[in-house]
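# Observations on the model geometry
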Amino acid sequence: MSTETKKVKTVKWGAEPKLGWVEAMYLPAIASGLMTALKHAFSGKTTTRQYPDVEPVIPANYRGVHRLNRDEAGRVKCVACYMCQTACPANCIEIIAAPAPKDDPHWKDRDKFPETFTIDELRCIYCGMCEEACPVDAIELTSVYDLTGMSRQEMIFDKEKLLAVFDETINSGRDPIRTNRGALGPASEEASTAKQGPPPPGRGRHG
Amino acid sequence: MYDFLQQIWPTLWPTLAAIGVILAFVPVLGLYMTFIERKLAAYVQDRLGPNRVGPFGLLQAIADAIKLFLKEQVIPDHVFKLLYFIAPTLSLMTAMFALVVMPFGPVPTDYTSGFRYIVAPGIDIGIMMMIAISSLSAYGIILGGWASNNKYSLYGAIRSCAQFISYEIPLGLSIIGIVVAAGSLNIEHIVAAQGGDFWNWNIFWQPLALIVFFTSALAETNRLPFDLPECEQELVGGFHTEYGGIKFVLFFLAEYTHVVTVSFLTALLFFGGWHFPGLSGPVDAGLGGMLLRTFVLVAKVSMVVAFIMLLRWALPRFRFDQLMGLAWKGLIPLGLVNLVCVAVVFTFDLPKHLLSFTAVFLFVASLISARNLQSTINMPRSAGRPKAGSILSEVTV
Ligand code: SF4
Ligand code: SF4
């Protein structure tokens, strides 16, 4: 129980305002109404958004279509830890992990990688839990809002599609701001996090 | 037969031409008035309005017309078919018929020139006929409401009936002064009497009549703030709830034709018609003078139309008892007072500009009605209702 004192509001029965002779003549009220209308008509400013012609500026923390981030080597950053799949309240993420090909020099510093990674974008509720759960900031929700498709099948995004979203949005200058992409989490690159120190408060799960 | 035709041809062709102009003009005008109204409404509400079809959305009106014409013709099961079909036609017919005596350009009072900007020139009961015909349009609405067999439509129709009857009276009263001054009911003569200086325009000696006339005329057109017959919030769509497609178009063309009629009448009766200071000489002197005068008239009319459209976004709708009160307790007494003043001034040959002081009666009327309004607005409360200012309840938050 908070220490706030209870406020008592009294509700009063209102009376209709008295009409004076000026109001009873109607003309001043009509004139002022017309002035308001004219002022708006000639103010020259409109609040109309010309949507398909002019795209709206979406806030950077908008939660739209997912993307799977790539690391510096261009590989999928996801380490197939199943954290997102576990966290997802809508059960729309499905990952099949595979051991990283050890003999390939390209993958030699990784143990696991997602062989398949699918998100059902229709079932997703865009809550952002996956993003919060991911220890390496591999999955992110971009500010892409106009997702359309011709079939349900089309809306189930696989790994390639999710990586393609990354490729499309990475240079748009509108990166999501919730995660610390670029300054990666502890499971990814120890050296860089050690240098980085704690992230500024209020920015994502590390704060 | 041929001889007869040849004989009447010189008077027949200008009439046919004028009829053609009106018939072609009214639908196009109606369509474009909806467009202008939508644009104006948008600007008043800080929006852009229709702008997708054609440059500046100019083809929107055409697109609307095509849509309305191609719509499926739904005839509800429960309507009285004959009247249901007659009503919209009657509505538009009477609205257009009223235009017969309306000069839409300069008309010389001796009716010499070939093409005259009027279908029936020299009708001596001109303005009388116009008011008589346009009040017939109540039939269209009432029949439509009755035939629809729908309670909302009927409510709308009954409201419109009451409204028409009430506002006919001040409408008629307000123009008597002008008719007396011009000595004729003929609209061309009334306009001719306003020629010359600014000060001859009727508005400068009949301001009270203008207010009464314009208010009642607005009520006759069923436009906001007097659009109770079709107010969406209470009556779904009012008398045209059951109408769609082309049948709805007829109703709505009738409404816009009324607006045009009222605007023309206001410009002709009160704002000097096609006269403008500096524009002197016979009205049929050359094509240039004719066109210039037509332009002057059209400019005045467009201003009135714009004013009517702006009023729609400036004023809230009247309550029905307020609407009736305004007519019977406000406009009719004012019209009568104006009539008495006009009679006094013309009987004793006083200068007619003395009559501009009739505007004072507006103040007197408002003083009286302010007292009366107090008693009608703050009606005695029922026993259960608390008194004004008393504490209703205490709420803990
Ligand atoms: S945003 Fe929420 S619902 Fe969508 S995939 Fe991520 S955790 Fe699941
Ligand atoms: S939480 Fe991140 S790293 Fe783990 S499976 Fe999901 S996307 Fe991959």
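This one's a predicted model, so the numbers in the text were calculated from it and none came from an experiment. Residue numbers here run from 1 along each chain, matching the order of that chain's written sequence. Chains carry letters and ligands carry numbers; both start at the beginning, A for chains and 1 for ligands, and go up in the order they are written. Note on the predicted model: pLDDT of at least 70 is required for a residue's local features to be given, and 80 or more for side-chain atom pairs to be given and counted; whole-chain, interface and lining totals, by contrast, use all residues. Computation of side-chain values: all heavy atoms of the structure, hydrogens and water removed.

Counting its secondary structure elements, chain A contains six helices and six strands. Helix and strand assignments come from DSSP, with helices taken as H or I runs of at least 4 residues and strands as E runs of at least 2, each series counted from the N terminus. Ordered by position from the N terminus, the helices and strands of chain A form the series β-α-α-β-α-β-β-α-β-β-α-α. The rule is simple: take the accessible area with a 1.4 Å probe, protein chains only, and divide by the maximum for that residue type; under 20% is buried, over 50% is exposed, in between is partly exposed. Burial statistics for chain A: of 207 residues in total, 31% are counted as buried. Any two residues whose heavy atoms approach within 4.5 Å at even a single point are treated as in contact. Expressed as a percentage of contacts within chain A between residues at least 6 apart in sequence, the contacts between residues at least 24 apart total 70%. Surface accessibility of chain A: about 13100 Å² in total, with carbon and sulfur atoms responsible for 57%. Here, Shrake-Rupley sampling with a 1.4 Å probe gives the accessible areas, and only protein chains in the shown set may cover a residue.

Of the regular secondary structure elements, chain B holds twelve helices and one strand. If you list the helices and strands of chain B from N to C, you get α-α-α-α-α-α-α-α-α-α-α-α-β. Residues counted as buried form 48% of the 397 residues belonging to chain B. When contacts within chain B are restricted to residue pairs at least 6 apart in sequence, long-range pairs at least 24 apart make up 78% of them.

Of note, Gln 60 of chain B is situated in helix α2 (residues 60-70). Setting aside its immediate chain neighbours within four residues, Gln 60 of chain B contacts Phe 35, Arg 38, Pro 50 and Val 53 of chain B.

Ranked by size, the top nonpolar core spans 81 residues in total, and within it Ile 127, Tyr 167, Phe 213, Phe 226 and Leu 269 of chain B carry the most contacts. Looking at this core, the element that brings in the most residues is helix α9 (residues 245-270) of chain B, giving 14 residues. Leaving out residues up to four positions away in the same chain, Phe 226 of chain B has contacts with Gln 163, Tyr 167, Thr 215, Leu 218, Ala 219, Phe 318, Leu 323 and Leu 326 of chain B. Only buried residues count toward a nonpolar core, which is a set of Ala, Val, Leu, Ile, Met, Phe, Trp, Tyr and Cys residues joined through side-chain atoms within 4.5 Å. Formed by 28 residues, the second largest nonpolar core is a distinct cluster that contains Cys 130, Val 136, Leu 162 and Val 165 of chain A.

All names here are of chain A. What helix α5 (residues 159-169) keeps buried is the set Lys 159, Leu 162, Leu 163, Val 165, Phe 166 and Thr 169. The buried residues of α5 occupy one face: seen down the axis, they fall within an arc of 150 degrees. Away from its buried face by more than 90 degrees, α5 exposes Glu 160 and Glu 168. Those residues of α5 hidden inside the fold are in contact with β2 (66-68), β4 (112-120) and β6 (156-157). This arc describes the spread of directions from the helix axis toward the C-beta atoms.

This next bit is on the state of the cysteines. Two cysteine sulfurs form a disulfide in these notes if their separation is within 2.5 Å. One pass over the structure, following the stated rule, counts zero disulfides over all chains. Unpaired in terms of disulfides, Cys 92 of chain A finds its nearest cysteine sulfur in Cys 88 of chain A, a separation of 3.6 Å.

Residues and elements named next belong to chain A. Taken in spatial order, the three strands of this open sheet run β3-β4-β6, and their pairing is antiparallel. Looking at which strands have only one partner, the edges of the open sheet turn out to be β3 (93-99) and β6. Only when DSSP finds a minimum of two bridges between them are two strands counted as paired. Across two bridges, β4 lies against β6 in antiparallel orientation. Paired with Ile 119 across the two strands is Phe 157, which belongs to β6. Lying on the sheet, α5 is in contact with β4 and β6; it crosses β4 at an angle near 85 degrees. To obtain each axis, a line is fitted to C-alpha atoms, and for helices this fit is confined to the stretch in contact; angles are then taken between N-to-C directions over 0 to 180 degrees.

Let's shift gears to the confidence of the model for chain A. All names here are of chain A. Confidence of the predictor at the level of single residues is captured by pLDDT, which takes values from 0 to 100. Within chain A, residue pLDDT values average 78, and 77% of them lie at 70 or more. Taken element by element, the predicted model of chain A shows its lowest mean pLDDT in helix α6 (residues 190-196) (46) and its highest in helix α3 (residues 83-87) (91). Below pLDDT 50 for its whole length, residues 184-196 participates in 17 contacts with residues either more than four positions away or in separate chains. In the predicted structure, residues 203-207 sits below a pLDDT of 50 and forms 18 contacts with residues beyond four places in sequence or in another chain.

What follows covers the packing of aromatic side chains. All names here are of chain B. In summary, the pairing rule links any two rings of Phe, Tyr or Trp, Trp by its six-membered ring, whose centres are within 6.5 Å, and it sorts them by plane angle into stacked for under 30 degrees, edge-to-face for over 60 and tilted for everything else. Applying the stated rule across the entire model yields eleven aromatic pairs over all chains. Taken together, a centroid distance of 5.5 Å and an interplanar angle of 75 degrees make the contact between Tyr 84 and Phe 85 edge-to-face. When its relative accessible area of 0% is taken as the criterion, Tyr 84 is described as buried. You can call Phe 85 partly exposed: its relative accessible area is 38%. An aromatic cluster of three or more residues is present, and its members are Tyr 84, Phe 85, Tyr 243 and Phe 251.

Throughout this document, a residue counts as near a molecule or strand when at least one of its heavy atoms sits within 4 Å of that molecule or strand. Taken together, 13 residues surround ligand 2, and among them Cys 78, Cys 81, Tyr 82, Cys 84 and Cys 134 of chain A come closest. Per-class residue counts for the shell around ligand 2 are 13 nonpolar, no polar and no charged. Three classes are used, and their members are as follows: Ala, Val, Leu, Ile, Met, Phe, Trp, Tyr, Cys and Pro are nonpolar, Asp, Glu, Lys and Arg are charged, and the others, Gly among them, are polar.

This next bit is on the pattern of salt bridges. Residues and elements named next belong to chain A. Note on definitions: salt bridges are taken to be side-chain nitrogens of Lys or Arg within 4 Å of carboxyl oxygens of Asp or Glu. All told, the structure shown has eight salt bridges over all chains when counted by the stated rule. Arg 70 is the partner of Asp 167 in a salt bridge, and the nearest nitrogen-oxygen pair spans 3.0 Å. Taken together, the residues span a long stretch of sequence, with Asp 167 in helix α5 and Arg 70 in the loop between β2 and α3 at a distance of 97 residues. Measuring nitrogen to oxygen at the nearest pair gives 3.6 Å for the salt bridge that ties Arg 110 to Asp 71. Pair noted here: Arg 110 is in the loop between β3 and β4 and Asp 71 is in the loop between β2 and α3, with a separation of 39 residues, a long-range link. Considered together, Arg 110 and Asp 71 belong to a single accessibility category, that of buried residues. It is possible to trace a salt-bridge network through shared partners that takes in Asp 71, Arg 75, Asp 109 and Arg 110.

Bridge analysis of β3 of chain A against β4 of chain A gives seven bridges, and the strand direction is antiparallel. The residue of β4 of chain A that forms the bridge with Pro 99 of chain A is Lys 112 of chain A.

Before going further, it helps to spend a moment on unusual backbone geometry. The backbone of Tyr 126 of chain A sits at a positive phi, close to 55 degrees, despite the residue not being glycine. Locating Tyr 126 of chain A in the fold gives a position in the loop between β4 and α4 (129-133). For Asn 149 of chain B, which is not a glycine, the phi torsion comes out positive at approximately 60 degrees. Structurally, the position occupied by Asn 149 of chain B is in the loop between α4 (126-147) and α5 (151-182). Residue Asn 149 of chain B is classed as exposed on the basis of its relative accessible area of 53%.

Locating Asp 3 of chain B in the fold gives a position in helix α1 (residues 2-44). Here the alpha-carbon distance between Asp 3 of chain B and Gly 105 of chain B, two residues 102 residues apart in the chain, equals 32 Å.

Let's shift gears to the environment of Gln 60 of chain B. With relative accessibility at 13%, the residue Gln 60 of chain B sits in the buried group. Sequence-wise, Gln 60 of chain B and Tyr 167 of chain B are 107 residues apart; in three dimensions their C-alpha atoms are separated by 35 Å.

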